[in-house]
2 protein chains.
Amino acid sequence: MAHPDWEAPQGRVLPMKLYDAAMPAPNPRRVRIFLAEKGLSVPLVPVSLAAGEHKQDEHRARNSLGQVPVLELDDGTAISETISICRYLEALQPQPPLFGTTPKEIGLIDMWIRRVEQQIGAHVGHVWINAHPYTERYAKTHGIQRYADFGDYSRGRALGGMTWLDREIAGRDYIAGDSYSMADIAALSIVDFAAFIGIEMPEDCAGLRAWHARVSARPSAQA
Amino acid sequence: MAHPDWEAPQGRVLPMKLYDAAMPAPNPRRVRIFLAEKGLSVPLVPVSLAAGEHKQDEHRARNSLGQVPVLELDDGTAISETISICRYLEALQPQPPLFGTTPKEIGLIDMWIRRVEQQIGAHVGHVWINAHPYTERYAKTHGIQRYADFGDYSRGRALGGMTWLDREIAGRDYIAGDSYSMADIAALSIVDFAAFIGIEMPEDCAGLRAWHARVSARPSAQA
């Protein structure tokens, strides 16, 4: 499901299943990047979003919201929500830490995950759902109301969020400080998905662009 | 800033400051509830939202987004985002655990926090910003564009989220399982704020209403 050149890490294989979806879906990719950074491997079960498999009963039994990814443990427990899945995996294998180890790191990394999601990710999502041509037919077929004006406005908010983030990370290498963390994984998947739907990082965001090149150069970014 | 009948817990006083705002603001309340459940006390510094203090330079130096709450540590570090502040405090004082202790609890509680925020909280926020009379004047004064149709639609989504949650929690006492957790604090603050802006739990959500009565009966709910 990942980039064709990507090789799954040869590390510890966990006794669970990850219900996964192909690029450009940003959320499943986050978990794959996280696994690559941890050197962990989980058997992937593809769910075809194009075929609507995520909205069918079989998948809704795992996640009633019909979303991917879902991590199914060997006792049958299903964990949804990208960040929550990664947090579970971090608790299972703390090294290398991607959510921080001291109370201050833990607080600040969580803050940056949330800021990136809210100041950029949420707006990108609104553009995608309300104003992107790719989702128009799906919305019509499924009787989903779209608010095109709100979608267009959200495009400006997403770009504004990128400009804000560019200022905030001035002088540091990673989103939450001097070390790579889950906040970088969250931001990378959002920025790449934004570009996929036509919302590119503004030209004058030199720091953000340098950060993007830095994290994209890691082998995990191919996941 | 809390309910007039509420008494701050007489526990450990932490060497930090919490920039706080009065009811009905749901986010500062979450941290106060969390502190009450932990038996912790932090000096509160009131920030008047009505006077726009959160958008002034002094507060923006703590949080460039101009939001409350912000926890300022004794080394000057400012942690924003409600859940992140609570996660920091949990790392500092793990007992009683409100974010889980086993990997599975940690994953599931985080999942429920996020689900409650996304399936109910985000929609309530859209109603508040786009379609509520209280924010109309503020939006006009500050040149904020409102999308009333989208706001009205979000009201239905918020109610739908409550109905969904009612089904999901059937047979258990708390949002994430058999124990009270941060997910209950997140959900309580959202449901109470929703009611404040006129989005009441649907009549037929008996389980959700019973849960609400259960968590509202805890002394911490007065915070």
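Figured I'd write up the structure that's included with this text.

Describing the packing of aromatic side chains
Residue and element names in this part refer to chain B.
(1) Moving on: The full count for this structure, using the stated rule, is 21 aromatic pairs over all chains.
(2) Moving on: Here Trp128 and Phe193 contribute two aromatic rings whose centre-to-centre distance is 5.3 Å and whose plane-to-plane angle is 80°, an arrangement assigned as edge-to-face. With Trp128 in helix H4 (residues 103–131) and Phe193 in helix H7 (residues 182–196), this residue pair connects regions lying 65 residues apart in the sequence.
(3) Moving on: Taking relative accessible area as the criterion, Trp128 reaches 24% and is therefore assigned partly exposed.
(4) Moving on: On the basis of relative accessibility, which here comes to 10%, the residue Phe193 falls in the buried class.
(5) Moving on: Sitting over the face of the ring of Tyr19, Arg62 holds its NZ or CZ atom 3.7 Å from the ring centroid.
(6) Moving on: The residue whose ring lies beneath Arg115 is Trp112, and the NZ or CZ to ring-centre distance is 4.9 Å.

Overview of the pairing of strand E2 (residues 17–20) of chain A
All names here are of chain A.
(1) Moving on: Relative to strand E5 (residues 70–72), E2 is paired through three bridges, and the arrangement is antiparallel. If you follow Tyr19 over to E5, its bridge partner there is Val70.
(2) Moving on: In the sheet, E2 pairs with strand E4 (residues 44–46) via three bridges, with the strands oriented parallel. Counterpart to Asp20 in the pairing with E4 is Pro46.

A look at the sheet that holds strand E2 (residues 17–20) of chain B
All names here are of chain B.
(1) Moving on: Spatially, E4-E2-E5-E6 is the arrangement adopted by the four strands of the open sheet, whose pairing is mixed. A single partner strand is all that each edge strand has here, and the edge strands are strand E4 (44–46) and strand E6 (78–80). Geometrically, the sheet is characterised by an average inter-axis angle of 25° between neighbouring strands, direction not taken into account.
(2) Moving on: In this structure, strand E5 (residues 70–72) lies alongside E6, joined through three bridges in antiparallel fashion. Each bridged residue has a counterpart across the sheet, and for Val70 the counterpart in E6 is Ser80.
(3) Moving on: Those strands touched by helix H3 (residues 82–92) are E2, E5 and E6, and its axis lies near 125° from that of E6.

Points about the relation of the copies chain B and chain A
One copy of the chain maps onto the second through a rotation around an axis plus a translation along that axis.
(1) Moving on: For the pair chain B and chain A, the relating rotation is 180°, the translation along its axis is 0.0 Å, and the fit reaches an RMSD of 0.0 Å. Look at the turn and shift together and you get a two-fold axis relating the two. If distances are taken from each C-alpha of chain B to the rotation axis, the shortest is found for B:Phe150, at 3.7 Å.
(2) Moving on: A share of 100% of the interface residues of chain B reappears at the interface of chain A, consistent with the copies meeting face to face through the same patch.

Structural notes on the layout of surface pockets
Unfilled space is identified by rolling a water-sized probe across the atoms.
(1) Moving on: Empty space within the second largest pocket amounts to approximately 490 Å³.
(2) Moving on: Every residue lining the second largest pocket is counted, 21 residues in all, and those nearest its centre are A:Arg87, A:Ile106, B:Arg87, B:Ala91 and B:Ile106.

Topic: helix H3 (residues 82–92) of chain A
(1) Moving on: For H3(A), the tally of buried residues reaches nine of 11 residues, placing the bulk of the element in the interior.
(2) Moving on: Along H3(A), the residues classified as buried are A:Thr82, A:Ile83, A:Ser84, A:Ile85, A:Cys86, A:Arg87, A:Tyr88, A:Leu89 and A:Glu90.

Considerations on the interface of chain B and chain A
(1) Moving on: Facing the 38 residues of chain B at the interface are 38 residues of chain A.
(2) Moving on: In total, about 3,300 Å² of surface goes out of reach between chain B and chain A, with carbon and sulfur atoms giving 59% of it.
(3) Moving on: The three residues of chain B that bury the most area against chain A are B:Lys104, B:Arg114 and B:Tyr147, which together make up 18% of that side's buried surface.
(4) Moving on: The tally of links from chain B across to chain A stands at six salt bridges.
(5) Moving on: B:Glu117 serves as the salt-bridge partner of A:Arg114, at 3.0 Å between the closest nitrogen and oxygen.
(6) Moving on: Along the contact surface separating chain B from chain A lie 19 residue pairs in polar contact (both at pLDDT 80 or more).
(7) Moving on: Those elements that place two or more of their residues in the side of chain B that touches chain A are E6, H3, H4 and helix H6 (148–168) of chain B.
(8) Moving on: Tallying contributions element by element places H4(B) first for the side of chain B that touches chain A, with 14 residues.

Points about the environment of A:Pro96
Residue and element names in this part refer to chain A.
(1) Moving on: Tracing the chain through its elements places Pro96 in the loop between H3 and helix H4 (103–131).
(2) Moving on: Looking at Pro96, the relative accessible area reads 37%, which means it is partly exposed.
(3) Moving on: Taking the C-alpha atoms as reference points, Pro96 and Asp74, separated by 22 residues in sequence, lie 24 Å from one another.

What to know about the pattern of salt bridges
(1) Moving on: In this structure the tally under the stated criterion is 30 salt bridges over all chains.
(2) Moving on: Between B:Arg209 and B:Glu203 there is a salt bridge, with its nearest N and O atoms 3.9 Å apart.
(3) Moving on: The class for B:Arg209 is partly exposed, based on a relative accessible area of 30%.
(4) Moving on: Taking the relative accessible area as the measure of exposure, B:Glu203 reaches 69% and is therefore exposed.
(5) Moving on: Residues joined in a network through salt bridges with shared partners are A:Arg30, A:Arg87, A:Asp110, A:Arg114, A:Glu117, B:Arg30, B:Arg87, B:Asp110, B:Arg114 and B:Glu117.

Here is what the cut-offs are and how they apply
- Residues numbered from 1 in each chain as written.
- Chains lettered and ligands numbered in written order.
- Predicted model: local features only at pLDDT ≥ 70, side-chain atom pairs only at ≥ 80, totals over all residues.
- Heavy atoms only, no water.
- Phe/Tyr/Trp six-rings, centres within 6.5 Å; stacked < 30°, edge-to-face > 60°.
- Helix = DSSP H or I, 4+ residues; strand = E, 2+ residues; numbered from the N terminus.
- Buried < 20%, exposed > 50% of the residue type's maximum accessible area, 1.4 Å probe, protein only.
- Lys NZ or Arg CZ within 6 Å of the ring centre and 35° of its normal.
- Pairing = 2+ DSSP bridges.
- Axes fitted to C-alpha atoms, helices over the stretch in contact; angles between N-to-C directions.
- Contact = heavy atoms within 4.5 Å.
- Least-squares fit on C-alpha atoms with pLDDT ≥ 70 in both.
- 1 Å grid on protein atoms, 1.4 Å probe; cavity = no way out; pocket = protein on both sides within 12 Å on 5 of 7 lines; lining within 4 Å.
- Points joined across faces, edges and corners; volume = space filled by probe spheres on them.
- Buried area = accessible area lost by both parts, 1.4 Å probe.
- Salt bridge = Lys/Arg side-chain N within 4 Å of Asp/Glu carboxyl O.
- Polar contact = N/O pair within 3.5 Å; in protein donor to acceptor, adjacent residues only side chain to side chain.

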